[in-house]
Amino acid sequence: MVGEGEKPKAVIVGGSIAGISSAHALTLAGWDVLVLEKTTSPPTGSPTGAGLGLNSFSQQIINSWLHNSQQLLHNTTLPLTIDQVPPLFDAQNYIPIQLPWFFSPKKGLVIILPWQNHATDSEKKVSCTLTRDESFNFRAAHWADLHGLLYNALPSNVFLWGHLFLSFHVADDKGSVIVKAEVLESGKVIEIVGDLLVAADGCLSSIRHKYLPHFKLRYSGYCAWRGVLDFSKIENSETIIGMRKAYPDLGKCLYFDLASGTHSVLYELLNKKLNWIWYVNQPEPEVKGTSVTMKVNSDMIQKMHQEAEKVWIPELVKVIKETRDPFLNFIYDSDPLEKIFWDNVVLVGDAAHPTTPHCLRSTNMSILDAAVLGKCLEKFGAEKVRSALEEYQFIRLPETSKQVLHARRLGRIKQGLVVPDREPLNPKSAKKEDCEELLQSNTPFFNDVPSILASILPQVDCL
């Protein structure tokens with residue numbers, strides 16, 4: 001229980017984007033915050049992680065945490081939007097034409113959006129523009145850059161680095177949570193007492209497991225090769241010149257390349273980096289430990305390169321081959337949960353709603369989770385934590401549930417997998433109407449913001 005004149009205390013397990021966002025939101029709500037993170041030091045300036053996309057709401061929320069110093073976020077990101085329609089080409093003569101469809105021997109079937117979809121015919125290397133949406137307003141960031149920006153804006157005593165979460169229990173009076181953690185440097189086990197436990201410990205959440213011991217993730221049917229190419233020292237190389245020609249809107253555009261039974265993602269990050277993702281259908285691998293990311297060996301990388309040559313245009317293959325230390329993500333989600341809090345324990349981010357990445361939702365959902373949780377706690381005060389958590393669940397659960405299921409559907413369509421109410425997408429024969437569903441703006445609640453965030457997002461119509 002909170003003593004008179006004392007601030008309530010929240011213990012956050014997990015220091016990734018969901019955890020660090022929760023630290024910001026709860027600090028602004030008047031709470032003392034401690035973040036337990038097993039990593040021994042901040043990842044700032046390291047190559048940890050890969051690219052991510054921030055929607056306009058997340059950008060505004062982050063700016064509010066940075067005391068509205070918008071230039072900080074702007075300087076850490078690049079736009080994912082298109083200012084003009086790129087020229088379309090006649091297949092034989094490369095003559096620019098103004099049609100919604102085109103074919104190009106250098107590309108594949110192309111779906112241009114504010115992000116831009118290329119659907120590639122690996123045999124004929126022909127392209128076709130299917131649809132375009134210029135209302136996209138995302139910005140691209142490297143995970144480590146965004147994390148560093150948010151970390152540096154917090155008090156230095158918020159994070160406990162090198163602290164491995166072990167267990168917790170809720171006090172008999174339900175007024176506090178007692179958390180045990182191991183200090184990795186010394187091996188000492190410590191106890192921390194808080195008024196609220198925030199589980200930001202990812203899709204394999206051990207905190208969630210205590211309440212849902214039979215919960216299982218759902219394997220999507222595919223994995224994702226990922227990598228970031230630093231081209232700062234090879235900007236004038238044949239590889240980068242070729243990429244600029246094949247993907248002329250890099251730096252302001254999110255490209256999706258579709259081929260038969262697979263698709264890839266490509267966009268530019270700050271400081272001359274290219275982020276790429278390649279989704280590959282395969283049986284479920286054996287997941288070891290608490291990570292769905294796998295380090296790979298040279299034989300696996302070589303085989304991946306050989307397969308890439310069979311599927312993608314040469315310009316993209318060169319980028320994949322020249323990328324150091326690519327890694328493999330296993331793609332999981334789950335059926336929506338019925339609850340995301342128990343007593344004074346609450347789930348945020350991937351712990352609350354494991355999702356596939358196809359709607360660019362994971363990071364954005366985590367940021368919105370944190371913002372809503374903070375505002376709910378601020379609204380009800382420390383004496384009514386349960387009421388705050390009930391409102392948080394009431395606001396977030398319907399929205400995230402629909403977005404998780406929509407992302408699942410979108411991924412299956414792009415991977416050519418079975419979807420109950422439509423034929424598998426064939427990039428070679430797809431029509432414009434076949435691809436309307438691929439628009440990001442079709443994501444449920446795409447432009448909706450809960451009214452409790454009106455003070456953070458004053459220029460947005462809130463629900």
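The structure this text deals with has already been given above.
What you see is a predicted model; the values in this text were computed from it and never measured.

Colleague: Please explain the pattern of salt bridges as it appears in this structure.
Modeller: Oppositely charged side chains may form a pair once their charged atoms are brought near each other. Within this structure, the stated rule accounts for 16 salt bridges. Put simply, Arg218 and Asp333 hold a salt bridge, and the shortest N to O gap is 2.7 Å. On the criterion of sequence distance, the pair formed by Arg218 in strand 15 (residues 218-230) and Asp333 in strand 20 (residues 327-333) is long-range, its members being 115 residues apart. On the accessibility criterion, Arg218 (23% relative accessible area) is partly exposed. With a closest N to O distance of 3.3 Å, Glu378 and Lys375 form a salt bridge. Taken as a pair, Glu378 and Lys375 lie in helix 9 (residues 362-380) at a separation of three residues, close to a single helical turn. For Lys375, a relative accessible area of 18% translates into the label buried. Within the structure, one salt-bridge network assembled from shared partners comprises Arg218, Asp333, Asp335 and Arg408.

Colleague: I'm lost on the sheet that holds strand 9 (residues 138-142) in this one. Help?
Modeller: Each strand in a sheet pairs with another by means of backbone hydrogen bonds, the pair being arranged parallel or else antiparallel. Pairing in this open sheet of three strands is antiparallel, and the strands run 3-9-4 from one edge to the other. Where the open sheet ends on each side, the last strands, each with one partner, are strand 3 (51-54) and strand 4 (78-80). Across this sheet, the average inter-strand angle for adjacent strands is 40°, counted without regard to direction. Across the sheet, helix 2 (residues 56-65) lies against strand 3 and strand 9, angled at about 90° from strand 3, the strand it touches most. In the packing of helix 4 (residues 143-152) onto the sheet, the strands contacted are strand 3 and strand 9, and the crossing angle to strand 9 comes to about 90°.

Criteria and cut-off values
Residues numbered from 1 in each chain as written. Predicted model: local features only at pLDDT ≥ 70, side-chain atom pairs only at ≥ 80, totals over all residues. Heavy atoms only, no water. Salt bridge = Lys/Arg side-chain N within 4 Å of Asp/Glu carboxyl O. Helix = DSSP H or I, 4+ residues; strand = E, 2+ residues; numbered from the N terminus. Buried < 20%, exposed > 50% of the residue type's maximum accessible area, 1.4 Å probe, protein only. Pairing = 2+ DSSP bridges. Axes fitted to C-alpha atoms, helices over the stretch in contact; angles between N-to-C directions. Contact = heavy atoms within 4.5 Å.

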